[in-house]
Amino acid sequence: MRINAFPAIVIIGLLLLGTQENARAQSAQPLTLSDAINTGLKNYQSIQAKRSYLNASTALVQNTRNEYLPNVIASVQQDFGNINGQYGPLAAVGGVAGVSSSGPISPSQNWNSSFGGLYFLNTNWEVYSFGRLRSKINLASAQVQRDSADLMQEQFVQSVKIAGAYLNLLTAQRLLKTAQSNLDRSLYVKEVVTARTRTGLNAGVDSSIANSEVSRARLAIIDARNSELQYRNQLAQLLNVPPAEFSLDTAFISNAPVEVKTNAAVTQNPQVKFYQSRINQSDYATAYLKRSILPGLNLFGIIQTKGSGFDYTYSPTNPKYSQDYFEGIKPTRTNYVAGVSIAWNITSLAKIKNQVKAQQFLTEAYKNEYNLVTTQLQDQLILADQRIENSLQSVQEVPVQYKAASDAYLQKSVLYRNGLTNIVDVQQAQYALNRAEADLNVAYINVWQSLLLKAAASGDFDLFVKQVK
């Protein structure tokens, strides 16, 4: 048993080890920009809210269409009471109405009571509304189009925000790496300075300068880490996931986009479409208000059956009635009425006039906002083209700058080790190399950020996302 158990334990251990290695490999997988965008669009609460608004307005369209159906009211009533009658006027004012009892007028109050029943079916159907219902359906449909445009706008804006946060975090990570490289160089210079100072080849002040430079490099790393943490938190918020140490796709730091031109017009931008949908909805609201003053053509019909425990010969001198429940609720008389009516509130014209005017003012306000957004996006598109051109030029110049700065730093370091230059020259060369390395790390990312700005302005997000993983 012991001999057989040992291999089993080994196998289980290997399986567990393999599982842990797989988990580490999955966790080490970089988060691609496409995956980040898909995660954000799926998880972000504002998009879920916009989608719910769209579902609600879609349901209201069907509800508006159902208003064409007739009203059919059925009622079954059974009661117990007396039937004293009396001459006199009565008006139902303020929700107060009298008891509906029909009976002969008696010289004095009596409490002769019996059961009764009332059964009726009431139908009212507005068969023609002179376009009022159709305009209401159009208004409800315009609300659906507005909510749909709002959802598309939210998804577009969120995609741009996620892409921007992704590139910002990648930039922060690269600058953190640059800060770490600068610290390594500072520590190396410090070691050289310390060695030469101990042997008396350099003055002690060089050690102080080297120590100061190391401290400055460490402070720069702290600042870079804070910036990286900030952008990491922003990306996590946009993805609606807990903040984590994201491993990002580094292809952006070594490749430039192939295509930077788009034929998309600014008017096709989801943001512009949303503002256009507001104008359309306001126009439909104005049309509905104008048609709301029109009359309606109605068909109506009522059929009513009644039962009573009072005999048809009942009178004050012949109080013939029965208190039997089933005798009282048994239907004995039926009446019906059918007809057509047209109704129009003749004072509605004065009531609706100012509402129409107010809605027209809202339409003008929506048009002004539409023009403002369109102008801003057109200006942003021009700026994006200029930034792309400048960023591509920087990509060509940065390697030259980095090589020159690297050669100068190497030269000054060698000269300093041989006592042919001072620490200040080495320090200046190190500053230049640090700046050049930072520019080199973010040169291509700047091109992608400029392209993202153009995609956000034109509304052609595919121009950006189709060129990334």
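Anything mentioned here points back to the structure above.
All values reported here derive from a predicted model rather than from experimental measurement. All residue numbers refer to position in the chain's written sequence, counted from 1. The model is predicted, so local features are restricted to residues of pLDDT at least 70 and side-chain atom pairs to those at 80 or more, both for listing and for counting; the totals for chains, interfaces and linings are taken over all residues. No hydrogens and no water enter the side-chain calculation; it runs on all heavy atoms of the structure.

1. Some words on the side chain of Ser-207
Moving on, step 1. Position of Ser-207 among the secondary structure elements: in helix 5 (residues 204-239).
Moving on, step 2. Given a relative accessible area of 17%, Ser-207 falls into the buried group.
Moving on, step 3. Contacts: residue pairs with any heavy atoms within 4.5 Å of one another. Apart from the residues within four sequence positions on either side, Ser-207 is in contact with Val-193 and Thr-197. Each helix corresponds to a stretch of at least 4 residues labelled H or I by DSSP, and each strand to a stretch of at least 2 residues labelled E; elements are numbered beginning at the N terminus. Exposure is judged per residue with a 1.4 Å probe applied to protein chains only, and the accessible area is read against the type maximum: over 50% gives exposed, under 20% gives buried, and values in between give partly exposed.

2. Quick word on the pattern of salt bridges
Moving on, step 1. A pairing counts as a salt bridge when a side-chain nitrogen of Lys or Arg comes within 4 Å of a carboxyl oxygen of Asp or Glu. Counting across every chain of the model gives ten salt bridges.
Moving on, step 2. Note that Arg-132 and Glu-126 form a salt bridge whose closest N and O atoms lie 2.7 Å from each other.
Moving on, step 3. Across the pair Lys-403 and Asp-407 runs a salt bridge whose closest N-O atoms are separated by 3.0 Å. With a gap of four residues between them, Lys-403 and Asp-407 both fall in helix 8 (residues 348-417), about one helical turn apart.
Moving on, step 4. A relative accessible area of 39% places Asp-407 in the partly exposed class.

3. A few points about a nonpolar patch on the surface
Moving on, step 1. Patch members must show over 30% relative accessible area and no salt bridge, and they are joined within 9 Å when carrying like charges or within 5 Å when they are nonpolar side chains of Val, Leu, Ile, Met, Phe, Trp or Tyr. Per-residue and other accessible areas follow the Shrake-Rupley method at a 1.4 Å probe size, with only the shown protein chains counted as cover for residues. A cluster of nonpolar side chains, namely Val-72, Leu-121, Ile-303 and Tyr-336, defines an oily patch on the protein surface of about 430 Å² accessible area.
Moving on, step 2. Of note, Val-72 is situated in strand 1 (residues 71-82).

4. Description of the nonpolar core
Moving on, step 1. Residues grouped as a nonpolar core are buried Ala, Val, Leu, Ile, Met, Phe, Trp, Tyr and Cys residues, joined through side-chain atoms within 4.5 Å. Counting 33 residues, the largest nonpolar core has Tyr-166, Phe-252, Phe-461 and Phe-464 as its most contacted members.
Moving on, step 2. Breaking this core down by element, the ones donating at least two residues are helix 2 (33-43), helix 4 (132-198), helix 5, helix 9 (423-458) and helix 10 (462-465).
Moving on, step 3. Ranked by residue count, the leading element in this core is helix 4, at nine residues.
Moving on, step 4. Setting aside anything within four residues of it in sequence, one finds Phe-464 in contact with Leu-33, Ala-163, Leu-167, Trp-448, Leu-451, Leu-452 and Ala-455.
Moving on, step 5. Counting residues in hydrophobic clusters, the runner-up holds twelve residues, among them Val-192, Ala-405, Ile-423 and Val-426.

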